Amino acid sequence: MASSHSSSPVPQGSSSDVFFKKEVDPTKHIRPVQSLPDVCPKEPTVTDQHRWTIYHSKVNLPAALNDPRLAKRESDFFTKTWGLDFVDTEVIPSFYLPQISKEHFTVYQQEISQREKIHERCKNICPPKDTFDRTLLHTHDKSRTDLEQVPKIFMKPDFALDDSLTFNSVLPWSHFNTAGGKGNRDAASSKLLQEKLSHYLDIVEVNIAHQISLRSEAFFHAMTSQHELQDYLKKTSQAVKMLRDKIAQIDKVMCEGSLHILRLALTRNNCVKVYNKLKLMATVHQTQPTVQVLLSTSEFVGALDLIATTQEVLQQELQGIHSFRHLGSQLCELEKLIDKMMIAEFSTYSHSDLNRPLEDDCHILEEERLISLVFGLLKQRKLNFLEIYSEEMIITAKNIIKQCVINKVSQIEDIDTDVVLKLADQMRMLNFPQWFDLLTDIFSKFTIFLQRVKATLNIIHSVVLSVLDKNQRTRELEEISQQKNAAKDNSLDTEVAYLIHEGMFISDAFSESELTPIAIDTTSQRNASPNSEPCSSDSVSEPECTTDSSSSKEQISSSVTPGAVDIMVNEDVKLSDLELGKLANNIQELLYSASDICHDRAVKFLMSRAKDGFLEKLNSTEFISLSRLMETFILETEQICGRKSMSLLGALQSQANKFVNRFHEERKTKLSLLLDNERWKQADVPAEFQDLVDSISHGKIALPEKKSGATEERKPAEVLTVEGQQYAVVGTVLLLIRIILEYCQCVDNIPSVTTDMLTRLSDLLKYFNSRSCQLVLGAGALQVVGLKTITTKNLALSSRCLQLIVHYIPVIRAHFEARLQPKQYSMLRHFDHITKDYHDHIAEISAKLVAIMDSLFDKLLSKYEVKAPVPSACFRNICKQMAKMHEAIFDLLPEEQTQMLFLRINASYKLHLKKQLSHLNVINDGGPQNGLVTADVAFYTGNLQALKGLQDLDLNMAEIWEQKR
């Protein structure tokens, strides 16, 4: 309808609707710049001083009763006095109100469709009753009842209050009489009358409104033909014109000033940009002098950071400035100069660090300087600085040995340095104790040198690992930042508003104020860096020493704390993780190389001293001391560097092999001399040898230490007692046992020669066995020593000596087995072969003793004749020889072995006697000859059993007779 769009005196299509999205306190006349209102791009609007809200709406009764069923209002009626422009003017849609389409109700329709279907189904099942007539009837009856409460006087057509009767009827004066003491009651009565009349008025108004609503169609038809409505619209048009005039005045008073302020703010920001740009140019202009100052204090990292930052500023923020067209190339040349200076500085540092006095402390020389140099070299990708350090290590190792030799030689007065000019020749003039002290000093200096190298390389390694760790964390932060930015871009709804003036964006004004804190933070970080360039005295404050661009790079700062290195790294270090990992491995390899260098120099020092056979002439004690010193140094370097160097170990093994050869040759020669001079007579056993075998019995396989003089007063024993058994030995065997213990002790002192010692000891034992066999069984002692004959006593003594060695072979075997690797156990078979050879030799000696008596029996019994006297001379000679044999071996061999030997001799005797009796045809027939033979045999048996230890010997002489056929 006509009035449905014009119920308010303010046009609803006005552009000012965008300001009234929510109710705002009307007392706040001016809004801040950050909350500037959106405006129409065609004509300016301002905020009304007294802002209109829905609560200011005043609707008259005709406007409220406009017919909402009319599809279109009559435009001719409403616009005939407003002009043609009023209808054609288009209202600009609000920027804050979204465009509503059918798609916005799709979700709601989907949710309510099911409920609508249920509702329609319920309506079909239970149709609602016709309550309209009942409600209308009820309303009509209620209205009639209410109207009956109103007095009839008010319903008269001629009702007029100017009539006195009517007035008195409506307002009786009795209620207003205040005479007497009825004032309070009259006041109450008047108030009651007023309320009653108000009640009547309300009833009438309600009924009128009801009646009007029932007759709205006729009422609207009547209203359209009224000229009064035209007058009202004319007044409304005039009110709109006045309102527009007021809005124009308000726009001039309030909006133009605010827009001018925005323009000034933009101008100010542009001026600040120009000012900051000029200050940045002034700062960049001071780059070269500042770099010179930093280089004068060896602040290479700070200089490189300043150059990098300046180059980036030139490329991004000062690009195209004519005055700086040559600065970039100058900075590149300066950067190349810094690279050369850093390499020279690192070489100087390495020389100073490695050549300072070698003391016990291994503190790092100028740790902060080292970290700064390493980080600068990494920043510039100069990864060959480790080669410089390696070359300096080699030179230092040479100088350490040279200085130690000079110091030692200068302390020896016997060496005339004027005559012996070469330092190596002077060193060769030192005796073993002096040379050993020199070697000890060199090893101690090398140990300190390696500890110092390790400490320095640990710092370099920490820097590399810190850079690697920081690179990884930077990548992780970048990934997280990218994920956050992607999420933010997806959820961000950008609203762009236009300024009327010059087509600028309001967001520009806001962005300047938002970017300023970022620029301040960036500047603070740049100026807070210890390596960055400080602002000059004529510069502005710190927030103005930078630009508002976010492309400025923050500086690299490093802080060194005792025991830890913390390095702040950004994208300036262009090394990849693979390169950093390879560099870390090279640092570890350099530490291994330092150990190898020390070992190589030590080997050369040893070889220079060994030219004249000095090391090969060392005795066992000296060589063992040297070996232990070298093994200790090898172990210490392995603990420091984490890897065993093989050069010195190889030299030690080579010298050990030479030592073993000389050791073995000396003892083999000594044993050979002893055997060649041995007369194979029983020797007395000194107390020290008895103590030696006793210590072996207690599990201590080593030469006993020399004791006080009380031991020397002990008398030597006739035999050697070993675990309860007595051994009659020759002097050579006693010395052989001592030699065997020397081999075992050498293995304990030099474990690396265990296998060689085992082979040499096996050879020594074999030599003793073969040589003693040659001398005794082979009768070589007759020519070598000059013995007249090899007696049974010599044979028995030789057998007992062999038995003593066999007794100790398992002990020796166990000693070597405990010091061999499992894969070397096959070498123990040598002891099994030696044991077998010794047992064979002992058996041959026993056989030789039996053979001696066998030849005697053959000689004597071949002349035996069965005749008187009894006993015969033959049996007397046999018994005499048996007694001599017993006398020779009983004190040398154990009783069991003596009995076994005489049983074998008796068997040989019975065999020869049986043969002779068979030859003489003497049989066991009880005749005279049989009696004579029986008497001789009884004489032999009696004499033999009368010998010591042979009383219980079962001779079984019945075997001498032939069995009867």
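In the annotation of an unreviewed UniProt entry, the chain is listed under the name Vacuolar protein sorting-associated protein 54 and assigned to Bos taurus. Recorded under Subcellular location (unreviewed entry), the UniProt text for the chain is reproduced unchanged: "Golgi apparatus, trans-Golgi network". Recorded under Sequence similarities (unreviewed entry), the UniProt text for the chain is reproduced unchanged: "Belongs to the VPS54 family."

A. Up close: the overall build of the chain. Counting its regular elements, the chain contains 29 helices and 4 strands. Relative to its full complement of 965 residues, the chain shows a buried share of 38%. Of the contacts made within the chain by residues no fewer than 6 positions apart, 79% connect residues no fewer than 24 positions apart. A total of about 57200 Å² of accessible surface is found on the chain, and carbon and sulfur atoms cover 54% of it.

B. Region of the structure containing the environment of Ile852. Relative to the assigned elements, Ile852 resides in helix H26 (residues 829–861). Look at Ile852 and you get partly exposed, because its relative accessible area is 28%. In the structure, Ile852 is positioned 33 residues away from Met885 in sequence and 9.9 Å away in space, judged by C-alpha atoms. Setting aside residues no more than four positions away along its own chain, Ile852 makes contact with Thr792 and Leu795.

C. The pattern of salt bridges, seen in detail. Within this structure, the stated rule accounts for 12 salt bridges. With a shortest N-O distance of 2.9 Å, Lys445 and Asp441 are connected by a salt bridge. Residue Lys445 and its partner Asp441 are both found in helix H16 (residues 432–491); the two are separated by 4 residues, about one turn of the helix. With a relative accessible area of 22%, Lys445 lands in the partly exposed category. Note that Glu742 and Arg667 form a salt bridge whose closest N and O atoms lie 2.7 Å from each other. Of this pair, Glu742 sits in helix H22 (residues 731–749) while Arg667 sits in helix H20 (residues 647–676), and the two are 75 residues apart along the sequence. No difference in accessibility class separates Glu742 from Arg667, as the two residues are buried. Counted as one network, the salt bridges with shared partners bring together Arg662, Glu666, Arg667 and Glu742.

D. Examining the packing of aromatic side chains more closely. Across all of its chains, the model carries 15 aromatic pairs by this definition. Between the aromatic rings of Phe154 and Phe159, the centroid separation amounts to 5.4 Å while the plane-to-plane angle is 50°, which identifies the pairing as tilted. Phe154 sits in the partly exposed class, given a relative accessible area of 26%. On the basis of relative accessible area, Phe159 is assigned to the partly exposed category, the value being 30%. A centroid spacing of 5.6 Å and a plane angle of 35° characterise the contact between Phe432 and Phe436, whose relative ring orientation is tilted. Of this pair, Phe432 and Phe436 are both found in helix H16, 4 residues apart, which corresponds to roughly one turn of the helix. For the pair Phe432 and Phe436, one class covers both residues: buried. Members of the aromatic cluster, each reached through a chain of ring pairs, are Phe857, Tyr864, Phe875, Tyr909 and Tyr940.

E. The arrangement of a negative patch on the surface in detail. Together, Asp684, Glu718, Glu887 and Asp891 give the surface a local cluster of negative charge. As for its placement among the helices and strands, Asp891 is situated in the loop between helix H27 (873–889) and helix H28 (895–919).

F. View of the confidence of the model for the chain. Looking at the chain, pLDDT values average 75 and 75% of them are 70 or higher. Averaged pLDDT values over the elements of the chain bottom out at 37 in strand E1 (residues 558–561) and peak at 93 in helix H25 (residues 792–817). Across residues 492–571 the pLDDT falls below 50, and counting only partners more than four positions away or on other chains, this stretch makes 124 contacts in the model.

G. Looking closely at the state of the cysteines. Here the structure, examined in full by the defined rule, presents 0 disulfides. Lacking any disulfide linkage, Cys879 is separated from the closest cysteine sulfur, that of Cys874, by 9.5 Å.

H. Inspection of H25 at higher detail. The end-to-end C-alpha separation of H25 is 38 Å, in line with the 38 Å expected for 26 residues at 1.5 Å each. Tyr808 marks where H25 bends most, by close to 30°; the proline Pro810 follows one to four residues later. A large share of H25 lies buried, amounting to 19 of its 26 residues.

I. Broad picture of the side chain of Ser798. Locating Ser798 in the fold gives a position in helix H25. Residues within four places of Ser798 in sequence aside, it is in contact with Trp680, Val776 and Ile845.

J. Structural context of the packing of H28 against helix H29 (residues 928–945). Running from N to C, H28 and H29 cross one another at 170°; their axes reach a closest spacing of 13 Å. In terms of orientation, H28 and H29 fall into the roughly antiparallel class. Taking contact as the criterion, the partners of Phe902, Asn906, Tyr909, Leu913 and Leu917 in H28 are, on H29, Val933, Val937, Tyr940 and Leu944. Among the residues forming the contact of H28 with H29, the class breakdown is 8 nonpolar, 1 polar and no charged.

K. Fine view of unusual backbone geometry. At the junction of Ala868 and Pro869, the peptide bond is cis and its omega measures out at 0° in the coordinates. Within the secondary structure layout, Pro869 lies in the loop between H26 and H27. The phi angle at Trp680 is positive, at roughly 55°, despite the residue not being glycine. Tracing the sequence through the fold places Trp680 in the loop between H20 and helix H21 (687–697). Taking the relative accessible area as the measure of exposure, Trp680 reaches 2% and is therefore buried. Backbone geometry places Asn921, a non-glycine residue, at a positive phi of 55°. As for its position among the elements, Asn921 is in the loop between H28 and H29.

L. Here's a closer look at the side chain of Arg662. Of note, Arg662 is situated in helix H20. Residue classification places Arg662 among the buried positions, given a relative accessible area of 18%. Once residues lying within four places of it in the same chain are set aside, the contact partners of Arg662 are Glu616, Lys617, Leu618 and Asn619.

M. Region of the structure containing the nonpolar core. Trp435, Phe816 and Tyr909 are the most contacted members of the largest nonpolar core, which has 197 residues in total. Ranked by the residues each element gives to this core, the list is headed by H16, at 19 residues.

N. Just the packing of helix H19 (residues 620–641) against H20, in detail. It is the contact of H19 with H20, at a shortest axis distance of 11 Å, that shows an interaxial angle of 165°. Classed by the angle they form, the pair H19 and H20 counts as roughly antiparallel. Two packed elements cross with a definite hand, and for H19 against H20 that hand is left-handed. Counted together, Ser620, Phe623, Ser627, Met630, Glu631, Phe633 and Ile634 of H19 and Leu648, Leu649, Leu652, Gln655, Ala656, Phe659, Phe663 and Arg667 of H20 form the full contact between these two elements. Partitioning the contact of H19 with H20 into residue classes produces 10 nonpolar, 3 polar and 2 charged.

Thresholds, definitions, all that
Residues numbered from 1 in each chain as written. Predicted model: local features only at pLDDT ≥ 70, side-chain atom pairs only at ≥ 80, totals over all residues. Heavy atoms only, no water. UniProt positions renumbered as here; feature names shortened; annotations may be inferred. Helix = DSSP H or I, 4+ residues; strand = E, 2+ residues; numbered from the N terminus. Buried < 20%, exposed > 50% of the residue type's maximum accessible area, 1.4 Å probe, protein only. Contact = heavy atoms within 4.5 Å. Areas by Shrake-Rupley, 256 points an atom, 1.4 Å probe, with all protein chains shown as cover. Salt bridge = Lys/Arg side-chain N within 4 Å of Asp/Glu carboxyl O. Phe/Tyr/Trp six-rings, centres within 6.5 Å; stacked < 30°, edge-to-face > 60°. Patch = residues over 30% accessible without salt bridge, like charges linked within 9 Å, V, L, I, M, F, W, Y side chains within 5 Å. Lys, Arg positive; Asp, Glu negative; His and termini not counted. Charge placed at Lys NZ, Arg CZ, Asp CG, Glu CD. pLDDT = per-residue confidence, 0-100. Disulfide = S-S within 2.5 Å. Expected span 1.5 Å × (residues − 1). Bend = angle between axes of the 7 residues up to and from the residue. Axes fitted to C-alpha atoms, helices over the stretch in contact; angles between N-to-C directions. Parallel < 35°, antiparallel > 145°, perpendicular 65-115°, else oblique. Nonpolar A, V, L, I, M, F, W, Y, C, P; charged D, E, K, R; others polar. Core = buried A, V, L, I, M, F, W, Y, C linked by side-chain atoms within 4.5 Å. Left-handed = near helix turned anticlockwise from the far one by under 90°.

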